[in-house]
Amino acid sequence: TWNAGVNGFLREIDDLILLQGFFQTLRFQNVFAATSQGLEGTFNWTSRNSRWQISGNATWQDFRVRSTGNPAADAFAGDRIPTQPNLFANGAIRYQWPGFANKDDALNFFLNSRYVNEFFLSIESLGSVNGKLTIPSQFTQNLGIS
């Protein structure tokens, strides 16, 4: 059995409040207006005997400050919103062995993976002043038996 889906989104945001700053000097700031747009995709496959299952999803988003005529916000118009990755994804493979020890149980083997792309910790154009502080890309995997 196959299932798949694709979704697109666009969101116009007024008066977006963000936690901004570095380390101990964090404060809430209003970026006035922002735009978020992107695509999401998902899939799932299950074998005929339901023992194998493979699934995954991914999201790409472009989340940016939008100019509103306010001089404080206009300086950052077009910059990416900080602490928001533009690409992230999950995937899983599972094998189920029904009736392993008796007819009412199952042994499961699984591998789960997660990816998050690098993203800025502060407003993008401030990066050159602050040494472009970023959270690096992350790829994690979990292997298990239950």
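Preceding block: the structure.
Residues numbered from 1 in each chain as written. Predicted model: local features only at pLDDT ≥ 70, side-chain atom pairs only at ≥ 80, totals over all residues. Heavy atoms only, no water.

Observations regarding the overall build of the chain
Point 1. Within the chain one finds 1 helix and 10 strands.
Point 2. Mapped in sequence order, the helices and strands of the chain form the string β-β-β-β-β-α-β-β-β-β-β.
Point 3. Across the 146 residues of the chain, 23% fall into the buried class.
Point 4. Partitioning the contacts of the chain with sequence separation of at least 6, the portion at a separation of at least 24 is 58%.
Point 5. Counting every atom, the chain has about 9600 Å² of accessible surface; 56% of that belongs to carbon and sulfur. (Helix = DSSP H or I, 4+ residues; strand = E, 2+ residues; numbered from the N terminus. Buried < 20%, exposed > 50% of the residue type's maximum accessible area, 1.4 Å probe, protein only. Contact = heavy atoms within 4.5 Å. Areas by Shrake-Rupley, 256 points an atom, 1.4 Å probe, with all protein chains shown as cover.)

Considerations on the pattern of salt bridges
Point 1. According to the stated counting rule, one finds 5 salt bridges in the structure shown.
Point 2. Measuring nitrogen to oxygen at the nearest pair gives 3.2 Å for the salt bridge that ties Asp14 to Arg66. Taken together, the residues span a long stretch of sequence, with Asp14 in strand 1 (residues 2-14) and Arg66 in the loop between strand 5 (52-65) and helix 1 (71-74) at a distance of 52 residues.
Point 3. Assessed through its relative accessible area of 57%, Asp14 is described here as exposed.
Point 4. Look at Arg66 and you get partly exposed, because its relative accessible area is 25%. (Salt bridge = Lys/Arg side-chain N within 4 Å of Asp/Glu carboxyl O.)

Here's the deal with the environment of Pro82
Point 1. Positionally, Pro82 belongs in the loop between helix 1 and strand 6 (87-98).
Point 2. For the pair Pro82 and Phe63, spaced 19 residues apart in sequence, the C-alpha to C-alpha distance is 8.8 Å.

Quick word on the sheet that holds strand 1
Point 1. Pairing within the open sheet is antiparallel, and its 6 strands lie in the order 1-4-5-6-7-10. Edge strands, defined here as strands with exactly one partner in the open sheet, are strand 1 and strand 10 (138-145). The sheet shows a mean angle of 10 degrees between the axes of neighbouring strands, direction not considered.
Point 2. Note that strand 5 and strand 6 share 9 bridges and pair antiparallel. What sits directly across from Trp52, in strand 6, is Tyr95. (Pairing = 2+ DSSP bridges. Axes fitted to C-alpha atoms, helices over the stretch in contact; angles between N-to-C directions.)

What to know about a nonpolar patch on the surface
Point 1. On the surface, Trp2, Phe43, Trp52, Ile54 and Ile93 cluster together to form a nonpolar patch covering roughly 510 Å² of accessible area.
Point 2. Its place among the elements puts Ile54 in strand 5. (Patch = residues over 30% accessible without salt bridge, like charges linked within 9 Å, V, L, I, M, F, W, Y side chains within 5 Å.)

Concerning the nonpolar core
Point 1. Membership of the largest hydrophobic core is limited to 9 residues, which are Ile13, Leu16, Leu18, Val31, Ala34, Phe63, Val65, Ile81 and Ile123.
Point 2. Apart from the residues lying within four places of it in its own chain, the contact partners of Leu16 are Gln29, Asn30, Val31, Phe32, Ala34, Phe63 and Ile81. (Core = buried A, V, L, I, M, F, W, Y, C linked by side-chain atoms within 4.5 Å.)

Function-wise, these values are silent; they only describe arrangement.
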